[in-house]
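So you can see what is in the structure, the chains are spelled out below.
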Amino acid sequence: MNWQIEYYSEALEENILNLPDGLLARYLKLTDLMLEFGANLGLPHTKSIDAGLFELRIKSKEGIARVFFCTKVGKKIVMLHSFIKKTQKIPKKELQIAKARMKEVIQNESR
């Protein structure tokens, strides 16, 4: 069974699809790999951020973007939040959004 990718919301999916062309191309390439090989592509492509929370690391000539995701039982990857990275560290606000969404996804899964 291959992996599946879900999005937290349609707005998030739209946000990702509206990334600059180079970043979008890189995102699509990495998600193709994730669909085939699973969520853990390893550095420099994916990185564990916190218990169950990971980031997809996207880089191109237009800049750097991050997409936070988690995994669910049944080989499902859930994209939670994306942003264009402008500083070395992950902004707390972006991390809080991703953590809150992951918590919501986990709670909805256990119902």
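Residues numbered from 1 in each chain as written. Predicted model: local features only at pLDDT ≥ 70, side-chain atom pairs only at ≥ 80, totals over all residues. Heavy atoms only, no water.

Caption draft 1: Spatial organisation of the pairing of strand β5 (residues 76-85). The element β5 is extensively covered by neighbouring structure, given that 8 of its 10 residues are classed as buried. For strand β1 (residues 4-7) and β5, the ladder comprises 4 bridges, and the chain directions are parallel. Bridging from a neighbouring strand, Ile-5 pairs with Ile-77 of β5. Judged from the 9 bridges that link them, strand β4 (residues 63-72) and β5 form a sheet pairing that is antiparallel. Opposite Val-67, over in β5, you have Ser-82 as the bridge partner. Hairpin connection from β4 to β5: 3 residues lie between these consecutive antiparallel strands, with Gly-74 at a positive phi of about 95°. (Buried < 20%, exposed > 50% of the residue type's maximum accessible area, 1.4 Å probe, protein only. Helix = DSSP H or I, 4+ residues; strand = E, 2+ residues; numbered from the N terminus. Pairing = 2+ DSSP bridges.)

Caption draft 2: Fine view of the pairing of β4. Relative to β4, strand β3 (residues 53-60) is paired through 7 bridges, and the arrangement is antiparallel. Residue Arg-57 lies in a different strand from β4, and its bridge partner there is Arg-66. Counting the residues in the hairpin turn of β3 and β4 gives 2 residues.

Caption draft 3: A look at the nonpolar core. Membership of the largest hydrophobic core comes to 16 residues, with the highest contact counts inside it found for Tyr-27, Met-34, Leu-56, Ile-58, Val-67, Phe-69 and Met-79. Tallying contributions element by element places helix α2 (residues 21-37) first for this core, with 5 residues. Sequence-distant contacts of Val-67, defined by excluding residues within four places in its chain, comprise Ile-16, Tyr-27, Phe-54, Glu-55, Leu-56, Ile-58, Met-79, His-81 and Ser-82. Judged by nonpolar contacts, the second largest core, of 9 residues, contains Phe-68, Leu-80, Ala-98 and Val-105. (Core = buried A, V, L, I, M, F, W, Y, C linked by side-chain atoms within 4.5 Å. Contact = heavy atoms within 4.5 Å.)

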